[in-house]
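Residue-level structural notes
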Amino acid sequence: QQKVQQSPESLSVPEGGMASFNCTSSDRNFQYFWWYRQHSGEGPKALMSIFSDGDKKEGRFTAHLNKASLHVSLHIRDSQPSDSALYFCAASDTGNYKYVFGAGTRLKVIA
Amino acid sequence: GPKVLQIPSHQIIDMGQMVTLNCDPVSNHLYFYWYKQILGQQMEFLVNFYNGKVMEKSKLFKDQFSVERPDGSYFTLKIQPTALEDSAVYFCASSPHWGSYAEQFFGPGTRLTVL
């Protein structure tokens, strides 16, 4: 049983548009979230973390966490072709220090 | 930014052979991890390691798997003997801190193909 569900599987947005990703944890122990981005041939690289309820903004990236529903989202405004990549949600638990990853969302930004 | 290196990038071996995957973590990091990603599936935690010891391992970390970091050199994942289901991309990660808040830095992965 997957502990972290991620949607959509893939997404295409025009250059300058908004890209949005969703992630839900099914295990209340996993409530610390990270967003990672992986370009082809590279390892995942952290974009941002969110551990508290509400919004967290870093440049063009905004994450939102609702701890009651264990739902986290990531929004990229003014999307650029260089944002085209695989985006992973990773949840970390309170007791043991590992990530549980979602299946990823493949983003394509069309110029 | 900080980089984790993995050697080799690709490895093809015959079933039953031994393989060692090497990871060069970020220089001042003390906590190390291995993850496994089968093609088309999500990345899954294998093991974490600190101060010469395995701290936690998943059910994917079979008895044929072992990890070590002798004398501050590479952090290695050894599989002996290999099985067909071991074919996957293996990602190494390291972190400067321990805990839910710690960012993990990932290498580019080693693609292992077991024939």
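Structural data are supplied above this passage.
Structure report, in brief. (Residues numbered from 1 in each chain as written. Chains lettered and ligands numbered in written order. Predicted model: local features only at pLDDT ≥ 70, side-chain atom pairs only at ≥ 80, totals over all residues. Heavy atoms only, no water.)

Attention now moves to the side chain of B:His29. All names here are of chain B. As for its position among the elements, histidine 29 is in the loop between strand 3 (19-24) and strand 4 (31-37). Judged by relative accessible area, which is 4%, histidine 29 ranks as buried. Here the side chain of histidine 29 touches serine 94 through a polar contact of 2.8 Å, side chain to side chain. Once residues lying within four places of it in the same chain are set aside, the contact partners of histidine 29 are Arg69, Ser94, Ser95, Pro96 and Phe105. (Helix = DSSP H or I, 4+ residues; strand = E, 2+ residues; numbered from the N terminus. Buried < 20%, exposed > 50% of the residue type's maximum accessible area, 1.4 Å probe, protein only. Polar contact = N/O pair within 3.5 Å; in protein donor to acceptor, adjacent residues only side chain to side chain. Contact = heavy atoms within 4.5 Å.)

Turning to the interface of chain A and chain B, a few remarks are in order. The partner chain B presents 19 residues to the 23 residues of chain A that form the contact. For the pair chain A and chain B, the summed buried area comes to about 1800 Å², and 57% of that belongs to carbon and sulfur atoms. Considering only the surface of chain A that becomes buried against chain B, A:Tyr97, A:Tyr99 and A:Phe101 emerge as the three largest contributors, covering 36% of it. For the interface between chain A and chain B, the tally reads one salt bridge. The salt bridge involving A:Lys98 is made with B:Glu56; its shortest N-O contact spans 2.9 Å. In this structure, the connection of chain A to chain B is made through six residue pairs in polar contact (both at pLDDT 80 or more). Of all the secondary-structure elements, those providing two or more residues to the side of chain A that touches chain B are strand 4 (30-38), strand 9 (85-93) and strand 10 (99-101) of chain A. (Buried area = accessible area lost by both parts, 1.4 Å probe. Salt bridge = Lys/Arg side-chain N within 4 Å of Asp/Glu carboxyl O.)

Turning our attention to the sheet that holds strand 7 (residues 61-66) of chain A. Residue and element names in this part refer to chain A. Pairing is antiparallel in the open sheet, where five strands are placed in the order 1-3-8-7-6. Only two strands of the sheet have a single neighbouring strand rather than two, namely strand 1 (4-7) and strand 6 (54-58). The mean inter-strand angle of the sheet, taken between neighbouring strand axes irrespective of direction, is 15 degrees. (Pairing = 2+ DSSP bridges. Axes fitted to C-alpha atoms, helices over the stretch in contact; angles between N-to-C directions.)

Core analysis: the biggest nonpolar cluster contains 25 residues, and A:Phe21, A:Trp35, A:Val72, A:Leu74, A:Tyr87 and A:Leu107 have the highest contact counts within it. Among the elements of the structure, strand 2 (10-14), strand 3 (19-25), strand 4, strand 5 (45-50), strand 7, strand 8 (71-76), strand 9 and strand 11 (105-110) of chain A are those that each provide at least two residues to this core. Here this core takes four residues from strand 9 of chain A, the largest share from any one element. The residues contacting A:Phe21, other than those within four sequence positions of it, are A:Ser7, A:Leu11, A:Trp35, A:Val72, A:Ser73, A:Leu74, A:Ile76, A:Tyr87, A:Thr105 and A:Leu107. Grouped together as the second largest cluster of nonpolar side chains are 23 residues, B:Leu21, B:Cys23, B:Leu46 and B:Phe49 included. (Core = buried A, V, L, I, M, F, W, Y, C linked by side-chain atoms within 4.5 Å.)

What follows concerns the sheet that holds strand 3 of chain B. All names here are of chain B. Taken together, the four strands give an open sheet; going across it, the order is 1-3-8-7, and neighbouring strands pair in antiparallel fashion. Since the sheet does not close on itself, it has two edges, and those belong to strand 1 (5-7) and strand 7 (65-68), each with one partner. Averaged over all pairs of adjacent strands, the angle between their axes in this sheet comes to 20 degrees, without regard to strand direction. Sheet analysis places strand 7 next to strand 8 (residues 75-79), joined by four bridges and oriented antiparallel.

This next bit is on the pairing of strand 4 of chain A. Residues and elements named next belong to chain A. Of all the nine residues making up strand 4, nine are buried; the element is thus mostly covered by neighbouring parts of the structure. Here strand 4 runs beside strand 9; their pairing, made up of eight bridges, is antiparallel. Pairing of glutamine 38 across the sheet is with leucine 86, part of strand 9. In this structure, the hairpin formed by strand 4 and strand 5 is closed by a connection of six residues, where glycine 41 is found at a positive phi of approximately 80 degrees.

So, about the pattern of salt bridges. Residues and elements named next belong to chain A. For the coordinates displayed, the defined rule picks out six salt bridges over all chains. A salt bridge links arginine 37 to aspartate 83; its shortest N-O distance comes to 3.0 Å. Of this pair, arginine 37 sits in strand 4 while aspartate 83 sits in the loop between strand 8 and strand 9, and the two are 46 residues apart along the sequence. Where salt bridges share partners, they join Arg37, Arg60 and Asp83 into one cluster.

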